[in-house]
Each structure stands twice: as structure tokens, then as C-alpha cells.
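A structural walkthrough
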Amino acid sequence: MPVAANPLQPATPRAGVASEPDAVPLPGRLQATFVPNENAMAWWGVQLLEQAVQEHGLPAGRPGTCRLAVADGSRVRAATVPVRLVDLDSAVHALRTPVPPDEESASLRTWREAVRMLDDDDAFAALGERMPAAAHGALNAEGTAIVTPTVLLTEFRQALRARAALRSTTIHATLRPYQQHGVAWLTARPRSGQGGVLADEMGLGKTLQAICLLASRRTVGPHLVVCPTSLIGNWRRELARFSPDTVVVSHHGAQRKLPSTVPPGAVVITSYPVLRRDTALTRTRWDVVILDEAQQIKNPDAQVSRAAAKLTATAAIAMTGTPVENRLDELWAILHVTNPGLLGSRNRFRQLFVTPIEQRRSATAAAALHTLIQPHLLRRTKADVAADLPPKLYSTVVCTLSDEQARLYRKAVDRAFSDGFGVGIARRGRVLALLTELKQICNHPAQYLREEKAELGRSGKFDRAAEMLAEIVDDGERALVFTQYRAMGELLADHLTETLGAGPTPFLHGGLSAGRREELVRDFQESADAPPVLLLSLRAAGFGLNLTRATHVMHYDRWWNPAVEEQATDRAHRIGQRRGVTVHTLVTGGTLEDHIAAMHENKRGFAKIALGRTDAALARLSDEELHAVIDLDSGALA
Amino acid sequence: MIAAEFGSTPWGRAWVRSVAAIAASGPNALLPRARTLARNHAVELTTEPGRIEARVSAADAVQPVHIDVPLWSPQTQAQVRRLLEKSLAEHPVLIAGDLSDSFEADLRQEGIPVAAGLDELRAECACRSRKRPCVHILATLYALAQQIDERPALAVGLRGGATDPVAPPLPGWIALTALDPVAFYGD
Ligand SMILES: [Zn+2]
């Protein structure tokens, strides 16, 4: 039940005994306060903040608000204060630069002292005694108390050590600025013994940020990643790619068995269906638990949600791309696992928040809820971080082969090789036929078996595509989905029509009349109530179509010709267009889709394959070479 | 079950009963009008211990309303504090700003009224109606009941009772009330 557009946004000050006057009484001098929840230093205290920060030779950071204590006449009270937030490393670097001591506020002065004596325990203790309250004024969740200087200085040093640990951890990726902030936020969670929700919009790299968190905690205990079955391969792949030193244990499939001791820092990957019935997982004491695609636990009565709530961990982090803030029941269910107790019992939560917000659009209840969850939820949209993003954002999603797919795939390969390919024209025809079969199996067994209906649970790629498109539509965005196959397009169209709840999903293919094709394009571009997803066969999409209303492009299967795929992508993206486009490429792990994608990426292997005309080039390979390209890599399936 | 629009918790309900008491001797046409105003977000409300301030937008004019609410006596406040400690021990996991319904029942049993009666309030409205309480004052009280339903601690705070966890603040934290505003910035 979607409520009013973003009910939690109106930031009306909460009325109540502790109500806050609109104007925050600022001291008029630039202050510095370490805010552990943001893992950042906050500059604040004057009206013209950016200018003052610049005059003090400090980094400007990003604008925001923080819940801080302020002096207001005869009392100290809680306030929501405009701040500039600076990540610790750049704050520490800038604070080390010497300045004339009498020029600055006491809070700024003590933090300058603090960064110069990080390794001196005694001096640090003494510093705590002369630190003004403004320097450690970050509030507790209730807004009734601030942390003591001793505790805050300890946290500050721990935060710096965690950052150093992260730097020394080999992460094979360059983090964008918002991802650095996300990692800082994530690493602060287990340090404060709290969970949280990373709710960045799809495509912003939540998995990478989570991997940085896991890789930065190598000593405390093992970590657990729970994700949909369709994403297990993707997690393995991303961990191996970004953090090759991390020990990874896949825990799914019938033969799974958790080793009696999992070493600290190792990452166990499992799926929600396994979590539901595997008691070894709930018996283990984890350091960090990651719950990916956490909508899976949105129903608190479901067995899987109860199993998730039973996991023991230093901190549980939920990841989701859907804006849970607007779905109050889902929000409760997820925070019940990550931050138990924060939102009270389910009934009381309904009474205090859901009913007021949904039945009477109560701004006070919405603002109170927002204040309550704000420290524990991090969501950035692409619009928020547009400056950090390239115009086209590429994302490869590795999908898991289902048992049925693996069986069909092996059978098709074995039969083709035992029948033999022959030579010349005949060979070419037989190789192409096999390639087509294998691609169809990767798409969905129903396409290969020429069935009428494609069910969920039979193809990792199909499941993942359906999940991603549902999320895109939930976000109010539009997507183009390309496939080479008419039959696959029909199967997808039927399924999406049934599940997206947005009317019939149109499929633009070569069998339609030119007039009908134009109509579909015009509808998608201009009509207010057009379905948000348009399926296209790659061939039909060739003629200068303009589909710039889409912000997502999905390549459901591969053409294996980068130039052709890029041309398709550019249906949605035009040079100079202001809104960016996210390009999702689906690849079934361990299959020929995977091997050929790797060859394209690394520009190695069989040169001709990497240069396009892939199908024809494959037909010219020897049996042995061909087998190497298409054989199922069982290591990538486990 | 659909929750009551006004008084969905016993805390808010106590105030709804106080307001409804004026209809005891016969139907009062102002009550439905006051509920409509509250329902239509016509009341902007802030409170502090012993005082309610509101701005009620009705019929093209905005009426400022002030209401003084009698505070509990110091003895009552001490008693409330004891009962609160007992309740927090029984319900350690509460949402910030929430109080258990059984705590309200405890107060009632001890004869401590959560809401004040209409005759105990000193209410002022700038409107020219000669009826007192006027529709603006009644609307303010309905809006108050709704805010209390969202944040029960408001009901106790309004009568001067302490609602923060009474136990000494956890180690590592300093209560705002223990901080000196003069030395706050240290210079
Ligand atoms: Zn009046």
C-alpha cells in the first residue's frame, strides 16, 4: 500500500514536550564535532558555513544536518543543525595544518590537538578533560544525552584505525566519493554494536560497499552473506574480483556442510531458502551478517524472517534498493532484524506510526519516525550523487544456473560432442545450433523446451531479471529490455504483465507492422500511463529509435558484438542527455555466456571472438577449443 | 480492526474523554466541528510542561490558542516517577517517546488523572465567539489527543512528569540537563 509520496520527508519539527523552535541558536563561531554515526567530522556553528570553513582552510565536505546539542539561553537542548560533513581522513589531514591558536573556537582547537596526539594515551586522556561539550555534542537516539569525551575520543581513534585497516586491505576497485562515505558509514555500524540498512538505489554499488566492510574486519569472526539463490554466483564473483584475499565458503545446495570452524574474516555465502531451514547458521556466532535483497524478509511471520531474526552477530546489515522508508510494514520487518527494539513491537509500531501516517497523513508521526530511523538507514538515489556518476553506468550481474538448467546444459553439450560436428558448412551449422540451444537454456528452460509459460525458480537469470525489473518499476523508473529471441521476449512479456501490475508489457519485434512499432515507441516516450517496461528484440531496435525516457537498459541475453549492444544501449542514451542510464548485462555464471563475456572483457583468448562475429568465429575452432569455451565450469556453480 | 481516530491509545483517550464530558448534559454541536478541524490538519500545536500553544486555521482566519494545564503536585510527580521506573523495568524495550498502556492503567488505579478536566484548564482564544470553550480550543484538544496517541510520553510531560528513562544515564553518556550552557562552547 503505497502511502502519500514520501510521507517521511516533511521535516516539520516534532511537536511535543521536547519540541524544537524553528531557529537553531548558533554560537557564531565555527565549531568542530565528531559524529560517530556519520563517521565524519561536522563543521557548524555559523550562518555562512561554507565561507567560514573556507576561511579556516578546512575541506568543505558535503552539506547535511546533524542532531547535535546546542546552548540555548539558560539550557542545553537538542537541535537539528545544518553542518558540513567531512570524511575522517581529509578532516584529520586538514586539522594537522598548524594555525594561530587564538583564532579559533575551543571545539575546533581541541580537535586540532587530538589529531596531533593520536598515539599518546595519557595526553589523550588529559585532552578529554578540557574538551568543551560542543566538541562532543552528538546526541543519543532520544536526543536526551551526549556521549562523554573519553568514549568519543576512543571511538575517534577506533574509526581512524578502521580506515587504516581498510586502506591496507587490498580492494581492487576505486570507490566513488559517495561509496567512500557509504563504507565509512558501514564500518561505523559494528563498532557501535548496531545494525543498519543500506538502501542505495540499484546500480550504485551496494555490493562493493558491503565487500569493503567485510574485508576491513578480518579478525573478529566469520561473516555471513544471505542473498536470493539467483545472486549467489554474483556475490562469489564480486568477492573474488574486489577482494581476492577473502576466504569465501559457498553454503548452498543439497551437499552443503558448514565447516566446524569458519576462520575469522571468512565469508560464508548462503541463500534465503537455506537460511530458512539450516540450523547450523543460527548456531554460529557471526561478526557481520549481510542480508542482501532484504525485501525477502519483509513479512515478519514468514519462517525465513524468523530465522533471520535468530542469527547472532555483532551487526546485521540489510541491503535493499527499494525505498523501504515508504513501506512502513516492510521497514518494521527489516529493522526488527537489523536493529531489534528500535521500532518497538509490531502492534505498537502500527499504533504509533502506521495508523497516524497512513490514515491521517500525520506529519508529526512521519517526522518522529524519520528522526528515529535516520541514523540507521543510508539511502542515496542516482539523482543525489549524479555528480559522481558517469552518464552510462555499466553493471554486470552474474546469475546462478538452476539444477534443471545445469542438467539440460550438460546433456546438450554431451550429445553434440558425441554426435560430432563434421566439417565445412555442416560443421558451422551444427556449432551454431548448439550455441543457440545453450543460450536458450541459459535464458529459461521453457524457451529451450518450447513451453508456453516460464515459471520462476527454473532460471537464475529469469528470476533475477524479474526481481530487478520489479525494483526499477517500484522506483518509478522505466526500462528497456533487449533479447535476441522472439520466444524469450514473449515469455518475459507474459510474466511481466502478470507480476508488475502495470498492464500488458509490450514487446517490440520485427514481426510487428511499422505502424505498430511506431505506436509502441510513441507510447513509451510520451504516454502518461504507458507500461514502464518495453521489451525489444535487438534486430528490431536498429532503426534510429529514440527511447530516452528509459533510465535502465537490460541486456537479457548477449549478442556478443559489443558494437551492436552499444548501439542498442544508445536507444536510451543520447549525448547531452542530462539523466544518466544504467546498463545491466545479465550473465549466467559458469556457462558459455560467462566465458565469452570474460574474453570480451579481457580482450584475450581467441582474438576473433573478442572482435565480434563471435558465433562465426566459434564455428572455426577445433573441437577441443570449442569445448573449453562452452563447457560448464562447475567451480563457478558451487 | 480500525483504530479510533482520536484516542487510539489509553493516553490519548484520557484527553478525548475530558473533551467529550461537555456533551454529558446534551449534544454539543461544536464537538463534530472541532473534530473536523483537527482531522483537516487545521491545528498547529506545540506543547511544554503546563502549556499548550496552537494556531487554528478556521474560516479564513487563524486563531491563536493558549491553554494552561495544571501540573501534577510534587508528591504526585514523585509517585509517577516511581510508577514509571516500575513500568520501564517491566517493558525495557519501548520506542523512544512511548509509554506502556499498563503504566496508564497504574496511574488510573492510583487515582492520578492523565488528562485534566475542562474546568481545570485556563484556555484563551482570540476569536469573538462567546461560547467557551470555543471550537478552536476543542479542536486544539483533539489535535493534542492525536499527538499523544503518537507519542504517549507527551501526556506525562504535559503534566510536569519526567518521561526520560529515570535510571541514571548509561555510562558513556551525559544528560543534556547536566550540561552547563555557559561553558558549552568553552570560550
Ligand atoms: Zn476560538
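Higher on the page you've got the structure.
Description of the structure in this document. Everything numeric in this text was worked out from a predicted model, so none of it was measured. Within every chain, residues take consecutive numbers counted from 1 along the sequence as written. Chains carry letters and ligands carry numbers; both start at the beginning, A for chains and 1 for ligands, and go up in the order they are written. Where local features are concerned, this predicted model is filtered to residues with pLDDT of at least 70; where side-chain atom pairs are given and counted, the filter is 80 or more; whole-chain, interface and lining totals use all residues. Side-chain measures were taken over the full set of non-hydrogen atoms in the model, leaving aside hydrogen atoms and water.

1. With respect to the overall build of chain B
A count of helical and extended segments in chain B gives six helices and five strands. Numbered from the N terminus, helices here are DSSP runs of H or I no shorter than four residues, and strands are runs of E no shorter than two. Element order for chain B, N to C, with α for helix and β for strand: α-α-β-β-β-α-α-β-α-α-β. The buried share of chain B, reckoned over its 187 residues, is 48%. Only protein chains enter the accessibility calculation, which uses a 1.4 Å probe; a residue is then buried when its area is under 20% of its type maximum, exposed when over 50%, and partly exposed in between.

2. Some words on the coordination of the zinc ion
All names here are of chain B. Only N, O and S atoms count as donors, using a 2.8 Å cut-off from the metal and 3.2 Å for Na, K and Ca, and because water is excluded some sites may appear unfinished. Coordination of the zinc ion by the protein involves Cys 125 (SG), Cys 127 (SG), Cys 134 (SG) and His 136 (ND1), with metal-donor separations of 2.1 to 2.3 Å. The geometry test gives tetrahedral to four donors whose angles all lie between 85 and 135 degrees, gives square planar to four donors and octahedral to six donors whose opposite members are over 155 degrees apart with all other angles between 65 and 115, and gives irregular to the rest. Coordination geometry of the zinc ion: the four donor atoms subtend angles of 103 to 115° at the metal centre, consistent with an arrangement described as tetrahedral. One chain supplies every donor to the zinc ion, and in sequence these donors are spaced C-x1-C-x6-C-x1-H. Of this pair, Cys 125 sits in strand E4 (residues 122–125) while His 136 sits in helix H5 (residues 135–150), placing them 11 residues apart in sequence. Across this residue pair, the class does not change: Cys 125 and His 136 are buried.

3. Brief notes about the interface of chain B and chain A
Two residues form a contact once any of their heavy atoms are found within 4.5 Å. Facing 41 residues of chain B, the contacting portion of chain A comprises 56 residues. A simple way to read buried area is as the amount of 1.4 Å-probe accessible surface that goes missing from two parts once joined, with both sides added. The contact between chain B and chain A buries some 3,600 Å² in all, and 62% of this surface belongs to carbon and sulfur atoms. When the buried surface of chain B facing chain A is broken down by residue, B:Glu150, B:Leu176 and B:Tyr185 rank first, second and third, together holding 22% of it. Whenever Lys or Arg places a side-chain nitrogen within 4 Å of a carboxyl oxygen from Asp or Glu, that contact is recorded as a salt bridge. One can count three salt bridges joining chain B with chain A. In this structure, A:Arg348 engages B:Asp98 in a salt bridge whose closest nitrogen and oxygen atoms are separated by 2.8 Å. The definition of a polar contact used here is a pair of N or O atoms within 3.5 Å, where within protein one atom must be able to donate a hydrogen and the other to accept one, and adjacent residues in sequence count solely through side-chain atom pairs. If you look at where chain B meets chain A, you find 15 residue pairs in polar contact (both at pLDDT 80 or more).

4. Re the sheet that holds strand E18 (residues 581–588) of chain A
All names here are of chain A. Strand pairing requires that DSSP identify at least two bridges connecting the strands. The strand order across the open sheet formed by six strands is E13-E18-E17-E14-E16-E15, and the pairing between neighbours is parallel. Here the strands that pair on one side only, and so sit at the sheet edges, are strand E13 (392–399) and strand E15 (507–508). Across two bridges, the pairing between E15 and strand E16 (residues 533–537) is parallel. From the neighbouring strand, Phe 507 faces E16, where its bridge partner is Leu 535. An axis is simply a line fitted to the C-alpha atoms; with a helix, the fit covers only the stretch in contact. Between two such axes, the angle follows the N-to-C directions and lies from 0 to 180 degrees. Helix H18 (residues 460–474) contacts E13, strand E14 (479–483), E16, strand E17 (552–555) and E18 of the sheet and is inclined by roughly 160° relative to E18.

5. A few points about helix H7 (residues 206–216) of chain A
The buried count for H7(A) comes to 11 of 11 residues, which makes it a mostly enclosed element. Turning to H7(A), its buried residues number three or more, namely A:Lys206, A:Thr207, A:Leu208, A:Gln209, A:Ala210, A:Ile211, A:Cys212, A:Leu213, A:Leu214, A:Ala215 and A:Ser216.

6. Remarks on the pattern of salt bridges
Under the criterion given, the structure shown has 35 salt bridges over all chains. A salt bridge links A:Glu113 to A:Arg130; the shortest N-O distance between them is 2.4 Å. Note that A:Glu113 is positioned in helix H3 (residues 106–116) and A:Arg130 in helix H4 (residues 121–130), a separation of 17 residues in sequence. Notably, a salt bridge pairs A:Arg256 with A:Asp278, separated by 2.8 Å at the nearest N-O pair. In this pair, A:Arg256 sits in the loop between strand E8 (248–250) and strand E9 (267–271) while A:Asp278 sits in the loop between helix H9 (272–277) and helix H10 (279–283), placing the two residues 22 residues apart along the sequence. Connected through salt bridges with shared partners, the residues B:Arg51, B:Glu53, B:Asp68, B:Arg122 and B:Glu124 form a single ionic network.

7. Observations concerning the nonpolar core
Put simply, a nonpolar core is a bunch of buried Ala, Val, Leu, Ile, Met, Phe, Trp, Tyr and Cys residues held in one set by side-chain atoms that sit within 4.5 Å of each other. Core analysis: the biggest nonpolar cluster contains 54 residues, and A:Trp235, A:Ile269, A:Ile290, A:Leu469, A:Val481, A:Tyr556 and A:Leu586 have the highest contact counts within it. By residue number, the principal contributor to this core is H7(A), which donates seven residues. Annotation comment: domain bounds sourced from an automatic or database domain assignment. Taken domain by domain, this core gets at least three of its residues from each of domain 2 (168–385) and domain 3 (392–636) of chain A. Residues contacting A:Val481, with those up to four places away along its chain left out, are A:Leu469, A:Leu492, A:Val533, A:Leu534, A:Leu535, A:Leu536, A:Met554 and A:Tyr556. Ranked by size, the runner-up nonpolar core spans 52 residues in total, among them B:Ala14, B:Val80, B:Ile112 and B:Ala116.

8. Focus: the environment of A:Arg348
Position of A:Arg348 relative to the elements: it lies in helix H13 (residues 346–360). A:Arg348 gets classed as buried once you look at its relative accessible area, which sits at 10%. Placed 116 residues apart in sequence, A:Arg348 and A:Ile232 show a C-alpha to C-alpha distance of 36 Å. Beyond its immediate chain neighbours, meaning those up to four positions away, A:Arg348 contacts B:Thr9, B:Trp11, B:Ile95, B:Asp98, B:Leu99, B:Ser100, B:Asp101 and B:Pro152. Of note is the side chain of A:Arg348, whose polar atom sits 2.8 Å from the backbone oxygen of B:Leu99.

9. Considerations on the environment of A:Asp384
Looking at the secondary structure, you find A:Asp384 in the loop between strand E12 (377–378) and E13. As for A:Asp384 and A:Glu451, which are separated by 67 residues in sequence, their C-alpha atoms are 44 Å apart.

10. Re the packing of aromatic side chains
Planes of paired rings set the category: under 30 degrees apart is stacked, over 60 is edge-to-face and the rest tilted, where pairs are Phe, Tyr or Trp rings (Trp by its six-membered ring) whose centres lie within 6.5 Å. Applying the stated criterion to the full structure yields nine aromatic pairs over all chains. Ring centres of A:Phe34 and A:Phe156 lie 5.2 Å apart, and the angle between their planes is 70°; on these two criteria the pair is classed as edge-to-face. Of the two residues, A:Phe34 sits in strand E1 (residues 31–35) while A:Phe156 sits in helix H5 (residues 149–168), which places them 122 residues apart along the sequence. A relative accessible area of 1% means that A:Phe34 is categorised as buried. When the ring of A:Trp44 is compared with that of B:Tyr185, the centres are 6.1 Å apart and the planes differ by 55°; the resulting orientation is tilted. Placement of the pair is A:Trp44 in strand E2 (residues 40–44) and B:Tyr185 in the segment after strand E5 (173–175), with the two residues belonging to separate chains. In this pair, the class of A:Trp44 matches that of B:Tyr185, namely buried. Our definition puts a charge over a ring when NZ of Lys or CZ of Arg is within 6 Å of the ring centre and also within 35 degrees of the ring normal. Above the face of the A:Phe124 ring, A:Arg157 is positioned so that its terminal group lies 4.3 Å from the ring centre. For A:Arg189, the ring lying beneath its charged end belongs to A:Trp185, and the centroid distance is 4.8 Å.

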